[in-house]
Amino acid sequence: MKNKWYSPDSLILAVIYMLFIISFSVVITLNFRPLYYFDIGHLDIPAESGYPADEIRENYDALIDYNSMFNHSELKFPTLAMSDTGRIHFVEVKNIFVAVQYLCIAAFLAALVWTVIKAKKKDFSFLFGASLLSIVVPAVLGALIALNWDNFFVTFHHIFFNNDYWIFDAATDPVITILPDTFFMHCALMILGGVVLGSILCFAAEKILAKRSRRA
């Protein structure tokens, strides 16, 4: 009897895979500094902010280092001032990123153990489910971004933050001048690209493994 990806145990594992793919894509994008380094020149951030490229890179690196789950020190920008509300917002941002990093690890370990159990039964249907579920996310988010990035950006902040501290004043939090909205859009597109790639890999793996199990 053919295994169904939507059977309870396969569906749960497919969801775990989806959570891993999404969280892993977020973690990779967060730590992929070359994307920002490219945007420094591509978006002409020095001209827009008034800061030299080396100084912009130095302050951005401090922010990324701060968001690591292994970093327990307070955020301190090398050359930029920061308001109390700005500091609170970055703490909230870090809490979200750290939660995503823990989710990534937990989902990976759960998927690894459960996959071994499934493999012994030669049941790889969950991979098709993971592929299907993962492609829904970028399809929906991609459509929202394409329709109106600004509205998507604002809605995202309203969902994840219960205050308006994310609305920075460049006079008190000049870091906002080196973090243009377009850069965040590029991050969103990179995350979506990672999720699509994960979906494709799951689909291909299911086809290959299912074919091999039938031959065995």
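Details of the structure are given in the entry above.
Note that the structure is a prediction, hence the values are computed from the model and not measured.

What counts, and where the lines are drawn
Residues numbered from 1 in each chain as written. Predicted model: local features only at pLDDT ≥ 70, side-chain atom pairs only at ≥ 80, totals over all residues. Heavy atoms only, no water. Helix = DSSP H or I, 4+ residues; strand = E, 2+ residues; numbered from the N terminus. Buried < 20%, exposed > 50% of the residue type's maximum accessible area, 1.4 Å probe, protein only. Lys, Arg positive; Asp, Glu negative; His and termini not counted. Salt bridge = Lys/Arg side-chain N within 4 Å of Asp/Glu carboxyl O. Polar contact = N/O pair within 3.5 Å; in protein donor to acceptor, adjacent residues only side chain to side chain. Contact = heavy atoms within 4.5 Å. Phe/Tyr/Trp six-rings, centres within 6.5 Å; stacked < 30°, edge-to-face > 60°. Disulfide = S-S within 2.5 Å. Expected span 1.5 Å × (residues − 1). 1 Å grid on protein atoms, 1.4 Å probe; cavity = no way out; pocket = protein on both sides within 12 Å on 5 of 7 lines; lining within 4 Å. Points joined across faces, edges and corners; volume = space filled by probe spheres on them. Nonpolar A, V, L, I, M, F, W, Y, C, P; charged D, E, K, R; others polar. Core = buried A, V, L, I, M, F, W, Y, C linked by side-chain atoms within 4.5 Å.

**Quick word on the side chain of D39**
Point 1. Among the secondary structure elements, D39 is positioned in helix α2 (residues 33–42).
Point 2. Buried charge D39 goes without a salt bridge, the closest partner of opposite sign being R57 at 12 Å.
Point 3. Of the polar contacts made by the side chain of D39, one reaches the side chain of H186; its length is 2.7 Å.
Point 4. Those residues in contact with D39, other than ones at most four positions away along the chain, are D44, I45, F183 and H186.

**Some words on the packing of aromatic side chains**
Point 1. Summed over all chains, the structure comprises 14 aromatic pairs.
Point 2. Ring centres 5.9 Å apart and planes at 85° place the aromatic pair Y60 and F183 in the edge-to-face group. Taken together, the positions of Y60 in helix α4 (residues 53–66) and F183 in helix α8 (residues 181–215) put the pair 123 residues apart, joining distant regions of the chain.
Point 3. Of the residues examined, F183 reaches a relative accessible area of 3% and is grouped as buried.

**Some thoughts on the state of the cysteines**
Point 1. Throughout the structure, instances matching the rule amount to zero disulfides.
Point 2. Left without a disulfide partner, C187 is nearest to the cysteine sulfur of C104, which lies 17 Å away.
Point 3. C202 forms no disulfide, and the closest cysteine sulfur to it belongs to C104, at a distance of 13 Å.
Point 4. Assessed through its relative accessible area of 7%, C202 is described here as buried.

**So, α8**
Point 1. The first and last C-alpha atoms of α8 sit 52 Å apart over 35 residues, in line with the 51 Å expected at 1.5 Å per residue.
Point 2. Within α8, burial applies to F183, H186, C187, A188, L192, V195, G198, S199, C202, E206, A210 and S213.
Point 3. For α8, the elements touching its buried residues are α1 (8–31), α2, α4, α6 (125–147) and α7 (149–160).

**Concerning the pattern of salt bridges**
Point 1. Counting across every chain of the model gives five salt bridges.
Point 2. Put simply, R33 and D61 hold a salt bridge, and the shortest N to O gap is 3.1 Å. One end of the pair, R33, is in helix α2; the other, D61, is in helix α4, with 28 residues separating them in the sequence.
Point 3. In this structure, R57 and D54 form a salt bridge, with 3.2 Å as the shortest nitrogen-oxygen distance. Of this pair, R57 and D54 both sit in helix α4, three residues apart, which is roughly one turn of that helix.
Point 4. On the basis of relative accessible area, R57 is assigned to the partly exposed category, the value being 28%.
Point 5. One network of salt bridges, with partners in common, ties together D9, K118 and D123.

**Some thoughts on the layout of surface pockets**
Point 1. By volume, the largest pocket amounts to about 1,400 Å³.
Point 2. Looking at the largest pocket, it is lined by 45 residues, and the ones nearest its centre are F97, F156, F160, F184 and I191.
Point 3. Of all the secondary-structure elements, those providing two or more residues to the lining of the largest pocket are α1, α4, α5 (84–120), α6, α7 and α8.
Point 4. Top contributing element to the lining of the largest pocket by residue count: α7, with nine residues.
Point 5. Among the residues forming the lining of the largest pocket, the class breakdown is 36 nonpolar, eight polar and one charged.

**Here we look at the nonpolar core**
Point 1. Judged by nonpolar contacts, the single largest core of 21 residues is most densely connected at Y36, F77, F90, V175, I178 and L179.
Point 2. Mapped by element, the contributors of at least two residues to this core are α2, α4 and α8.
Point 3. Looking at this core element by element, the count peaks at five residues for α4.
Point 4. Beyond its immediate sequence surroundings of up to four residues, Y36 is in contact with I45, I56, Y60, I178, L179 and F183.

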